[in-house]
Amino acid sequence: MTTTQTPDTLRRILDYSSRADPYPLYAELRETPVARQEDGSFVISTYREISDILHNPHLSSDTRNLSCPTEGMQAEGTPAFINLDPPEHDRLRRLAMRHFGPPHTPGLVTGMEGALTTAVGHLIDDFAGKERIDVVDDFAYPFPVAVICHLLGVPREDEPRFHRWVDDLINSIDYNPKTDPKEKLDKGVQARKDLRQYLGGLLERRHGHPGDDLLSRLANDDGPDGRMTDEEIVATANLLLIAGHETTVNLITNGMLTLLRHPHVLQRLCEEPDLVVPLVEELLRYEPPVHIIPWRAAYSDITVAGTTIPKGAQIMLMLASGSRDPNRFHDPDRFDPDRRDNQHLGFGSGIHLCFGGPLARREAQIALGQLVRHLDRPRLVADPPPYRRSPVLRGPIHLYVEQGAA
Amino acid sequence: MTSADNLQAFKRAGRIVVVGASLAGLRAAEALRGEGFTGSLTMIGDELGEPYDRPPLSKQVLTGWVPADNTKLPRRRDVDAEWLLGVPASGLDLANNHVRLADGREVPFDRVLISTGVRARPWFVESEAALDGVFVVRTREHAEALQRALAAGPSRVLVIGAGFTGSEIASVCRERDIPVTVAELAPAPLVGALGAMIGDVAADVQRAHGVDLRCGVKVTQLEGDAQGRLRRAHFDDGTTVDADVAVVALGGIRNTDWLRDSGLAAGVWGIACDTGCRALDLNGLVTDDVFVAGDVARCPNPIYEYRLISLEHWANAVEQAEVAAHNMVSGQADRWPHLTLPLFWSIQFGINIKSVGVPTFADEVVVTQGSVPDHRFVAAYGYRGRVTAAVSFNNAKWLDHYRRLIETAAPFPPPCPTPDQPADTKPVPVDFPGPALLAQGATVVVTGHDPSERRVTAAYQHR
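Residues numbered from 1 in each chain as written. Chains lettered and ligands numbered in written order. Predicted model: local features only at pLDDT ≥ 70, side-chain atom pairs only at ≥ 80, totals over all residues. Heavy atoms only, no water.

**Things to note about the overall build of chain A**
Logical step 1: Across its full length, chain A carries 17 helices and 10 strands.
Logical step 2: Referenced to the eigenvectors of the C-alpha coordinate spread, the extents of chain A come out at roughly 60 × 55 × 40 Å.
Logical step 3: By residue count, 57% of the 406 residues in chain A fall in the buried class.
Logical step 4: Long-range pairs, those at least 24 residues apart, make up 70% of the contacts in chain A with a sequence separation of at least 6.
Logical step 5: Surface exposure of chain A reaches about 17100 Å², of which carbon and sulfur atoms provide 51%.
Logical step 6: Here chain A holds 45 positive side-chain charges and 59 negative ones, and the gap between their average locations is 1 Å. (Helix = DSSP H or I, 4+ residues; strand = E, 2+ residues; numbered from the N terminus. Buried < 20%, exposed > 50% of the residue type's maximum accessible area, 1.4 Å probe, protein only. Contact = heavy atoms within 4.5 Å. Areas by Shrake-Rupley, 256 points an atom, 1.4 Å probe, with all protein chains shown as cover. Lys, Arg positive; Asp, Glu negative; His and termini not counted. Charge placed at Lys NZ, Arg CZ, Asp CG, Glu CD.)

Following this line, the structure appears as structure tokens:
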């Protein structure tokens, strides 16, 4: 029996004070691979168990299958496919993938490489002669936002509007009714409504006007599965807009931070541009943008590592902990861009494997590869840097770097 | 090779010969170098040219998307080998440790890996097989020739045999809008590998895609015209079909003929070996210096009651090659057993079919997830109350779960429910057509009286 109660470890992980370095606490958590919490939920923290349960057909992503869903968990309106199970999940993801990747749209990400390089180039050009830059505000945030806006067909100038909605929304993801003010939840609910209403407005103008962007393709295309309803398109666009930049910003920022902490690797990356491919994979393992899948539901009783999780129980999956599991990865706390057999959990696993993973990879590869070659002897201003609140989408809120003469 | 010193000397300066330079042979050679083997390495292969990948030959090459010569296998490292290509091996002399080539050359070795694979089973009447328009698909040249014939726009293609290769070829024909007839002796396509229930699904899929599917019939004659071109096929029910292309997809023949006098337990069923890929001799004794990998290996699998199983699977070839290579340069204490579960995939009629485990090792099958009418489902196979295999149609991402069920001998049928519950969750008999005798033709004669002199010889006349 691997079940014991370790509520304190999880509480400390979620507490803001451990944001800069949650990894020792993950190690503590892994001593109990499947840990039952006081409230009846379960936390899974080891690689094998996370990987197994993500492939288990009895695991549900639908809040309706939780026996006691936390307030605020149930999204307003039609859920996006991330919060649905097969066959609905499969249908909606298939409909979205028709316009994003193989087999119907195989060249999309490759075709964007020129545009990605140009976008990165414009941001980097502004760094010349600047002594101090903020990797987040000046680079890691504007880049993926521009990319996802372009892809979806969201006007770039509306960014300040949805930036605030997305912030409020992300802040409410880990809402805890016991410790957090109700306002945090209310702001998230309102932001969700506003964002959907905004996207609905954009969508309306796309009907009958097929264009190149994803919104108009979804609005006008009829495949073998039919067409998404407007509510489904809005839910999908909403998901892609949020996931499309709230995660990549962390990947790029965590990447730059890790490189500054490993100057020899940074130097190598300048000399061996191809190193960026395995390096980004190692980043996804070592400092992933998404640390936690906050909840899944047991659709029926699930047995993991000898522990039976009862039907309806809430399950939290500690992805970042799994990717640091010494029973899966040799010397897991070492950042090793030459690592082989690196099947990390950075993009999750199973049917909900990150939809935008191929784009995120290319974005991070191009961003980091260009950045290290254009900065002049970059130095970290503060280590650790200040972090964002969220323990789920974890990354620095600012990453100040000085360059040039010192 | 009894002491560590000998092993070190062998790793440094020994001689390894790999017979069969396709997927298993190449991966083994790479693994040998990866394991630190620095001695001489000789690759023997009957085909000219570099090792290439075969799965695309019945798929992307036939659609014309990928040219046949663009299927070279990627190299993981430089193997620094001597390549003796274009001449098949004709014999293995275990008294003197050398491989004989068909041109009379002899290649000495300290250890040998046999990965000679499978060749296509030809049409049983030689003169009919020689007709213009009659094809098999196993090699790059075969695929290239068939691709050209398909590109010429034949009036109708006849595919003989509805196993995986035959079904994939029929799918390509429909994709290219070529009329196709599929003739299968069994009651349905794929039935020999996946059983009657999946066979019925496969039959529906083929018919829905416009295949003229004829099951339970045997092609008795391929008829040519005066110019030696195929024009018609005759069936045992008296019917005929006019076709200018016929593809014979009746499975393969294991390339073991050259081992007939080697003293190894080799025959039509393959070459028997232990889980460490060491070949067995005719007496069933494990040899020290002869290893087997790939389609030609017949290896016991503890998960399936230690039965000897031969698999013509891509992943199996790669995994066996790595295990064989490791064991060739390792001492007894470091040996690895080949214990991975069989994994197989096919793409046909827009459906990704994937399986894990051994579906033929089953008595019941049940749909566990998804919808059969939508051709999106997972079915689990069970044998005496435990899960032994699973197959997915457009649902491959779940198979890891079933792999774990098989590895842990989980009870069959697996517990329900799942969110994507199928309409019918009752197991049905798996229903394979006739038990195939795996070791057919393995007739031997035992001679001698004392335990020290008891020996087996092969009785080939009984084949």
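**Details of the interface of chain A and chain B**
Logical step 1: Listed as interface residues are 20 residues of chain A and, on the opposing side, 15 residues of chain B.
Logical step 2: Counting the surface lost from both chain A and chain B, the interface buries some 1500 Å², and carbon and sulfur atoms represent 57% of this.
Logical step 3: At the boundary of chain A and chain B, one finds one salt bridge.
Logical step 4: Note that D52 of chain A and R404 of chain B form a salt bridge whose closest N and O atoms lie 3.0 Å from each other. (Buried area = accessible area lost by both parts, 1.4 Å probe. Salt bridge = Lys/Arg side-chain N within 4 Å of Asp/Glu carboxyl O.)

**Quick look at the packing of aromatic side chains**
All names here are of chain B.
Logical step 1: Under the defined criterion, the tally for this structure stands at 15 aromatic pairs over all chains.
Logical step 2: Taken together, a centroid distance of 6.3 Å and an interplanar angle of 70 degrees make the contact between W314 and W345 edge-to-face. Remark: W345 occurs in strand β24 (residues 343–348) and W314 occurs in helix α8 (residues 314–328); sequence separation between them is 31 residues.
Logical step 3: Looking at W314, the relative accessible area reads 31%, which means it is partly exposed. (Phe/Tyr/Trp six-rings, centres within 6.5 Å; stacked < 30°, edge-to-face > 60°.)

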